[in-house]
Amino acid sequence: MASSFNEQRLAYFFQALRSGTIRAAADELDLAPSAVSRQIALLEEELGVALIERHRRGIMPTEAGQLVADYYREQQSHQADLLSKVGELRGLRRGHVAVVLGEGFVGDLMAAAVAHFGARHPQISLTLDLAGTNEVIRRVAEDEVEIGLVYNPPPDARIVTRTRHQQPMHAIVHPRHALAQQARCTLAEVARVDLGLMHGAYGTRQLLALAAYSARLHVEPKVSTNSISVLKHYVMLSHGVTVLPRFAVDTEIAQGLLVAVPIAEPLFAHAEAHLITRTGRRLSLAASRFVSYSASLMKAFQVSGD
């Protein structure tokens, strides 16, 4: 084994792991697959150990490969921290903040933190990506982004919550739906109507499944999707029902297009909106400001409107 290795080859190796196959990595890097394979082979030769295992469906890291991947991820994080510190010396004149969030946070985030942040730091760019609960946690934990906004995440030692607030789940209904006339409803009543729900990777669906299991109820959606926008239109146009936190549909409620009916279910009452970062990560000054604006301005982190 060599006493050093070419760190530029780490990028090829890491992209191959992220993409799942050599060919997919080559497409991302705009290179020939043979070129990517060659760089990984040279890295393995330098380190004197196999880094990947090839399977029918793609590649997986060996134990040594996982160590190398973790090293590369940490190096990228340290580089970002260095650049952020240099940026701080420039007084936040330039920089970038990457955020991944559940779709239910979009309207709230854009109207509050993004508008406020953009007006005060016009030279700081933002990346805002949408993802389900599990993917938000993964991307934050693996340093692909600095900040995550997620609803009712499961415990995970890789992430830390910077701010949180209880945001109960509600039955979201059309104003003319029978449930809209009630002050609150039961989970059993919700289970009996036509439902539109998020896929199972999302926190709202996971929480509903847990509550239904505890109550021994069978909840089967008529429509399943990865889009809250689809659910909103499903309720507004077909008079079906969905289950979401109130802040996710606050704009439509204010316009009289939807009604949020509290559900008498203890598990729903204690559900929370979280703003998360990776455990141990030092945020850039720009990201810290963005966290501060989000925590103080977003309705998701304020007292519910009930």
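Residues numbered from 1 in each chain as written. Predicted model: local features only at pLDDT ≥ 70, side-chain atom pairs only at ≥ 80, totals over all residues. Heavy atoms only, no water.

If you look the protein up in an unreviewed UniProt entry, it shows as HTH-type transcriptional activator CmpR from Paracidovorax wautersii.

Chemist: Before we go on, may I ask you to explain the nonpolar core in this structure?
Modeler: A general trend in soluble globular proteins is that nonpolar side chains are found buried together. Judged by nonpolar contacts, the single largest core of 46 residues is most densely connected at Val97, Phe105, Phe268 and Phe290. Structurally, this core is a two-domain feature, drawing no fewer than three residues from each of domain 2 (93-165 + 272-301) and domain 3 (169-270). Apart from residues lying up to four places away in sequence, Val97 is in contact with Phe117, Ile124, Ser125, Leu126, Thr127, Glu146, Ile147, Ala286, Ala287 and Phe290. Of all hydrophobic cores here, the second largest spans 19 residues; its members include Leu51, Ile52, Ile59 and Val68. (Core = buried A, V, L, I, M, F, W, Y, C linked by side-chain atoms within 4.5 Å. Buried < 20%, exposed > 50% of the residue type's maximum accessible area, 1.4 Å probe, protein only. Domains from an automatic or database assignment. Contact = heavy atoms within 4.5 Å.)

Chemist: Please clarify how unusual backbone geometry should be interpreted in this entry.
Modeler: The phi angle of most residues is negative, glycine excepted, and most peptide bonds adopt the trans form. Positive phi values are uncommon outside glycine, yet Asp143 reaches one of about 65°. By the element assignment, Asp143 lies in the loop between helix H6 (133-141) and strand S5 (147-151). Of note in this structure, Asn152 is not a glycine but carries a positive phi near 50°. Structurally, the position occupied by Asn152 is in the loop between S5 and strand S6 (159-166). (Helix = DSSP H or I, 4+ residues; strand = E, 2+ residues; numbered from the N terminus.)

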